Amino acid sequence: MNNPWDDWDHVLKVDPDKELYGDDTFEDVCRTGTDAIEIGGTLDVTAEKMSRVVDAAAEYDVPLYQEPSNPGVVIDSPALDGYLIPTVFNAGGPFWITGAHKEWVRIDDLDWGRTHTEAYIVMNPEASVAQLTEADCDLSADDVEAYAKVAERMFGQEIVYVEYSGTFGDTEKVAAAHDALDEATLFYGGGIHGYESANEMAAHSDVIVVGDLLHDEGVDAVRETVKGAKDAHDD
Ligand SMILES: CC(C)=CCC/C(C)=C/CC/C(C)=C/CC/C(C)=C/COP(=O)(O)OP(=O)(O)O
Ligand SMILES: O=P(O)(O)OC[C@@H](O)CO
Ligand SMILES: [Mg+2]
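Below, the structure is looked at part by part. Since the model is a prediction, treat every value here as computed from it, not as a measurement.

Reading the values: the criteria
- Per chain, residues are indexed from 1 in the order of the written sequence.
- Lettering of chains starts at A and numbering of ligands starts at 1, both following the order in which they are written.
- With pLDDT at 70 or above as the cut-off, local features in this predicted model cover only qualifying residues; side-chain atom pairs require 80 or more to be listed or tallied, and sums for whole chains, interfaces and linings still use all residues.
- The side-chain quantities take in all heavy atoms of the structure and omit both hydrogens and water.
- Between buried and exposed lies partly exposed: a residue is buried under 20% and exposed over 50% of the maximum accessible area for its type, with that area taken using a 1.4 Å probe on protein chains only.
- Elements are defined by DSSP. Helices are runs of H or I of four residues or more, strands are runs of E of two residues or more, and each kind is numbered from the N terminus.
- To be clear, the arc concerns the directions from the helix axis to the C-beta atoms.
- Two residues form a contact once any of their heavy atoms are found within 4.5 Å.
- If even one non-hydrogen atom of a residue comes within 4 Å of a molecule or strand, that residue is called near it.
- We define a polar contact as two N or O atoms separated by no more than 3.5 Å, with the added condition that, inside protein, one atom must be a possible hydrogen donor and the other a possible acceptor, whereas residues neighbouring each other in sequence contribute only through side-chain atom pairs.
- Values of accessible area rely on a 1.4 Å probe in the Shrake-Rupley scheme; residue burial ignores everything except the protein chains shown.
- The residue classification treats Ala, Val, Leu, Ile, Met, Phe, Trp, Tyr, Cys and Pro as nonpolar and Asp, Glu, Lys and Arg as charged. All others, Gly included, are polar.
- In this analysis, the expected span of each helix is defined as 1.5 Å times one less than the number of residues it contains.
- Fitting a line to C-alpha atoms yields each axis, with helices limited to the stretch in contact; the angle taken between N-to-C directions then spans 0 to 180 degrees.
- These descriptions rest on fixed angle ranges, namely under 35 degrees for roughly parallel, over 145 for roughly antiparallel, 65 to 115 for roughly perpendicular, and the rest for oblique.
- The crossing is said to be left-handed when, going from far helix to near helix, the turn is anticlockwise and less than a right angle, and right-handed when the turn is clockwise.
- A pair is scored as a salt bridge if a Lys or Arg side-chain nitrogen falls within 4 Å of a carboxyl oxygen belonging to Asp or Glu.
- The pairing criterion for strands is at least two bridges between them, as found by DSSP.

**Details of helix H7 (residues 195-202)**
Point 1. Turning to H7, its buried residues number three or more, namely Ser197, Ala198, Met201 and Ala202. Looking straight down H7, one finds that the buried residues subtend no more than 125° of arc, so they occupy a single side.
Point 2. Tucked into the core, H7 has its buried residues touching helix H6 (171-180), strand E7 (185-189), strand E8 (207-210) and helix H9 (219-234).

Put into structure tokens, the structure is as follows:
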């Protein structure tokens, strides 16, 4: 099956709860060369903050996806190419695996044609997402490989997301997930801060996700990570 992310190398994650850097504008954000923008964050996101980012990015060509951290922040906007709905495979309890989802699907007229899922494996115990979901981050490369297989083979997930939010991950563990997948696309996110780190993780994944760098250092720094990811996949 063809999915847009089959051709992506780089995703820029905009946290609606955080400011842009310096004089950066949303036009600059949309013109970094990234393949898609994901809009989401774990803490203090609201539907209103989501809408503000979607509206500001709507007029540019880059694909826009909302990544909601709970059902209450999902917005209905024609500017969105779709929704990437996380499931945390190593969450401490069922709420972040099927519980939130069970509440969300009660809404009538969900737009299933634009709804896709991401199988998260959360790896940094310090990250808000790990704390919120009480994820078991004490995972070996073998464990990560096994979770990736469960996600792809048993739960039919098209995206597996190794999430190190806030810190640069262990390439051996990321590679283990990559090697485990035949069909699914491996997203890697966490601690990418320039050309080298982007280039290194892109060699072990299909798509790298860059988040905090946008808010902390701005679009020029992000552009370097786009180059790093593209170069890794051109080689
Ligand atoms: C069913 C619906 C619609 C939603 C539930 C979706 C689930 C299971 C969410 C749990 C995982 C989660 C919170 C994902 C949000 C995306 C994410 C990981 C953003 C990065 O967050 P951090 O970088 O940890 O947080 P801050 O930057 O806000 O501190
Ligand atoms: O913010 P960073 O550390 O770049 O992580 C990106 C993304 O995976 C967060 O969900
Ligand atoms: Mg973050």
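**Here we look at the site of ligand 2**
Point 1. All residues adjacent to ligand 2 are Lys13, Tyr161, Glu163, Ser165, Gly166, Gly189, Gly190, Gly191, Val209, Val210, Gly211 and Asp212.
Point 2. At a separation of 2.8 Å, an oxygen atom of ligand 2 approaches a polar backbone atom of aspartate 212.
Point 3. In the complex, the protein chains occlude 93% of the 300 Å² of accessible area that ligand 2 would expose alone.
Point 4. Of all the secondary-structure elements, those providing two or more residues to the shell around ligand 2 are strand E6 (159-163) and E8.
Point 5. By residue class, the composition of the shell around ligand 2 is three nonpolar, six polar and three charged.

**Some details on helix H5 (residues 141-154)**
Point 1. With 14 residues, H5 extends 19 Å between its outermost C-alpha atoms, agreeing within 8% with the 20 Å of an ideal straight helix rising 1.5 Å per residue.
Point 2. Those residues of H5 that fall on the buried side of the exposure criterion are Ala141, Val144, Ala148, Ala151 and Glu152. Taken end-on, H5 shows its buried residues confined to a sector of 90°, consistent with a single buried face. Of the exposed residues in H5, the ones pointing more than 90 degrees away from its buried face are Asp142, Arg153 and Met154.
Point 3. The secondary structure elements touched by the buried residues of H5 are strand E5 (115-122), E6 and H6.
Point 4. Positive phi shows up at glycine 156, right after H5, with a value of about 55°.

**Points about the packing of H5 against H6**
Point 1. Running from amino to carboxyl end, H5 crosses H6 at an angle of 30°, the nearest separation of the two axes being 8 Å. Judged on the interaxial angle alone, H6 and H5 are roughly parallel. Considering only the axes of H5 and H6, their crossing is right-handed. In this structure, H5 uses Ala141, Val144, Glu145, Ala148, Lys149, Glu152 and Arg153 to contact H6, whose residues at the interface are Glu172, Lys173, Ala176, Ala177 and Ala180.
Point 2. Class assignment of the residues belonging to the contact of H5 with H6 gives a composition of six nonpolar, no polar and six charged.

**Re unusual backbone geometry**
Point 1. With a phi angle near 55°, aspartate 44 is a residue other than glycine that sits in the positive phi range.
Point 2. A residue is classified by how much of its surface remains accessible, and aspartate 44, at 55% relative accessible area, is exposed.
Point 3. Backbone geometry places aspartate 109, a non-glycine residue, at a positive phi of 60°.
Point 4. Take aspartate 109: it is sitting in the loop between helix H3 (99-104) and E5.

**Comments concerning the pattern of salt bridges**
Point 1. Applying the stated rule across the entire model yields 17 salt bridges.
Point 2. A salt bridge links glutamate 163 to lysine 13; the shortest N-O distance between them is 4.0 Å. Taken together, the positions of glutamate 163 in strand E6 and lysine 13 in strand E1 (residues 10-14) put the pair 150 residues apart, joining distant regions of the chain. For the pair glutamate 163 and lysine 13, one class covers both residues: buried.
Point 3. One salt-bridge network, in which partners are shared between bridges, spans Asp9, Asp35 and Lys230.

**Topic: the pairing of E1**
One face of the sheet, then the other: side chains in a regular strand alternate in exactly this way.
Point 1. In terms of burial, E1 is a largely internal element, five of the five residues being buried.
Point 2. Every second residue of E1 is oriented toward a common face, with His10, Leu12 and Val14 on one face and Val11 and Lys13 on the other, all of them buried.
Point 3. Examined bridge by bridge, E1 and E8 share three bridges and lie parallel to one another. Paired with histidine 10 across the bridge in E8 is isoleucine 208.
Point 4. Note that E1 and strand E2 (residues 36-39) share four bridges and pair parallel.

**Some points on the sheet that holds E5**
In sheet architecture, strand pairing relies on hydrogen bonds along the backbone and comes in two forms, parallel and antiparallel.
Point 1. Taken in spatial order, the eight strands line up as E1-E2-E3-E4-E5-E6-E7-E8 and close into a barrel, and their pairing is parallel. The sheet shows a mean angle of 30° between the axes of neighbouring strands, direction not considered.
Point 2. With three bridges connecting them, E2 and strand E3 (residues 64-66) associate as parallel partners. For glutamate 38, the partnering residue across the bridge sits in E3 and is tyrosine 65.

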